[in-house]
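Residues per chain are reported as follows:
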Amino acid sequence: MMYILRRIILLIITILLVSIITFGVFQILPGDPVRTMLGTEADPTQIENLRSELGLDRPLYEQYVDWMKGLLTGQLGNSIRFSMPVKELLFDRLPVTMSLAGLTLIMVLIISLPLGMFAARRQNKLSDVSLSTMTQIGMAVPSFWLGMMLILYIGLQFSFFKISGYIPWTQSIAGALSTLILPALTIAIPQIAVNFRYVRTAILEQVQLDYVRTIRSKGMSEQNVMYKHVLKNSMIPILTVFGLIMAEVVAGTIIVEQVFSLPGIGQLLITAISNRDFPLVQGIVMYITVAVVMINFIVDVLYSVLDPRIRLR
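A quick note: this is a predicted structure, and the numbers were derived from the prediction, not measured. (Residues numbered from 1 in each chain as written. Predicted model: local features only at pLDDT ≥ 70, side-chain atom pairs only at ≥ 80, totals over all residues. Heavy atoms only, no water.)

### Some words on the packing of helix 12 (residues 265-274) against helix 13 (residues 278-306)
(1) Moving on: Running from N to C, helix 12 and helix 13 cross one another at 145°; their axes reach a closest spacing of 9 Å. Seen from above, helix 12 lies across helix 13 with left-handed handedness. Every residue of helix 13 that contacts helix 12 at Ile265, Leu268, Leu269, Ala272 and Ile273 is listed here: Leu280, Val281, Ile284, Tyr287 and Ile288.
(2) Moving on: Class assignment of the residues belonging to the contact of helix 12 with helix 13 gives a composition of ten nonpolar, no polar and no charged. (Axes fitted to C-alpha atoms, helices over the stretch in contact; angles between N-to-C directions. Helix = DSSP H or I, 4+ residues; strand = E, 2+ residues; numbered from the N terminus. Left-handed = near helix turned anticlockwise from the far one by under 90°. Contact = heavy atoms within 4.5 Å. Nonpolar A, V, L, I, M, F, W, Y, C, P; charged D, E, K, R; others polar.)

Given below as structure tokens:
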């Protein structure tokens, strides 16, 4: 219980520190949101009236306190560019980004885990060397270039795949998959390569330990040895890397959504930055922060489930 409590306290402190940094950075960035709303022809009286209406003429600490109250209550203010609540914009775009991230993580898990185990069982053989070489290349490929290659050689060749736009799951499951598979592959391929190498390394470290030789000497099948013992004892390092991959996937959607014109959080962030829409940018940054911190928190909790000794340290 104390372990979970410490993790929760650390989570709260992290979010608080990031909120301070986020708020502070946007106060010193060039650009005036009031002039963006009113245009360059606005007179000083209009500017001062709107600045007062938005509360931008108050001390920074008061603005920060009000902003934090809004975060806690879900009221993130109004977008300057879209003239509507930031919360509504996030909820409208969130399903796209969450669907993309979820499909990507499923691909990473179901491909990298079996391949890593397969390569570990065939260490230094042709299949192992081939997979290791391919994953080395996969780790080096930039996401935006990979996305364009998938569009050229798959999206334009097969009518099932859509290279832009998004079809909601409620409208058509096949349609949603047709718009998400290529973007998900773009993010997943480098992460599959990373996770493959860590799974392979973790499995190889375990199979060299004495307990594995003891289990094999008792006549247990190789499949049971790998799945019931070796994989289970390898999960701590694998889970650590997978937690980092989940955070990378959340961040990776920003670039890929631009390449495939997906109306998600990433595309919304680029639009907000281009228009100096500070309330919207702050809301999106905090969403990304909370998502990454929550991922790390879940990973920490899973550590204690997989290895109860961690709770006693």
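Once the structure has been displayed, the description carries forward.
### Things to note about the nonpolar core
(1) Moving on: One finds Leu90, Leu262, Leu280, Ile284 and Ile288 to be the most contacted residues of the largest nonpolar core, which totals 50 residues.
(2) Moving on: If you list the elements that add at least two residues to this core, you get helix 5 (86-121), helix 7 (143-155), helix 8 (173-207), helix 11 (235-259), helix 12 and helix 13.
(3) Moving on: Of all hydrophobic cores here, the second largest spans 15 residues; its members include Ala202, Val207, Ile215 and Leu231. (Core = buried A, V, L, I, M, F, W, Y, C linked by side-chain atoms within 4.5 Å. Buried < 20%, exposed > 50% of the residue type's maximum accessible area, 1.4 Å probe, protein only.)

### So, the UniProt feature "transmembrane region" (unreviewed entry) in the protein
(1) Moving on: In the numbering used here, UniProt assigns the feature "transmembrane region" (unreviewed entry) to residues 7-29, 98-120, 141-161, 173-194, 236-256 and 284-306.
(2) Moving on: As a span, residues 173-194 carries 100% helix and 0% strand, and end to end its C-alpha atoms are 29 Å apart.
(3) Moving on: Taken as a whole, residues 236-256 contains 100% helix and 0% strand, while its terminal C-alpha atoms sit 30 Å from one another. (UniProt positions renumbered as here; feature names shortened; annotations may be inferred.)

### Let's talk about helix 8
(1) Moving on: In a regular helix each residue adds 1.5 Å, so 35 residues correspond to 51 Å; helix 8 covers only 42 Å between its end C-alpha atoms and thus falls short of that length.
(2) Moving on: A bend of about 35° at leucine 180 is the largest found in helix 8, and the proline proline 183 appears one to four places after it.
(3) Moving on: At the N-terminal end of helix 8, a side-chain oxygen is found 2.9 Å from the backbone nitrogen of glycine 175, two or three residues along, and the residue is serine 172. (Expected span 1.5 Å × (residues − 1). Bend = angle between axes of the 7 residues up to and from the residue. Polar contact = N/O pair within 3.5 Å; in protein donor to acceptor, adjacent residues only side chain to side chain.)

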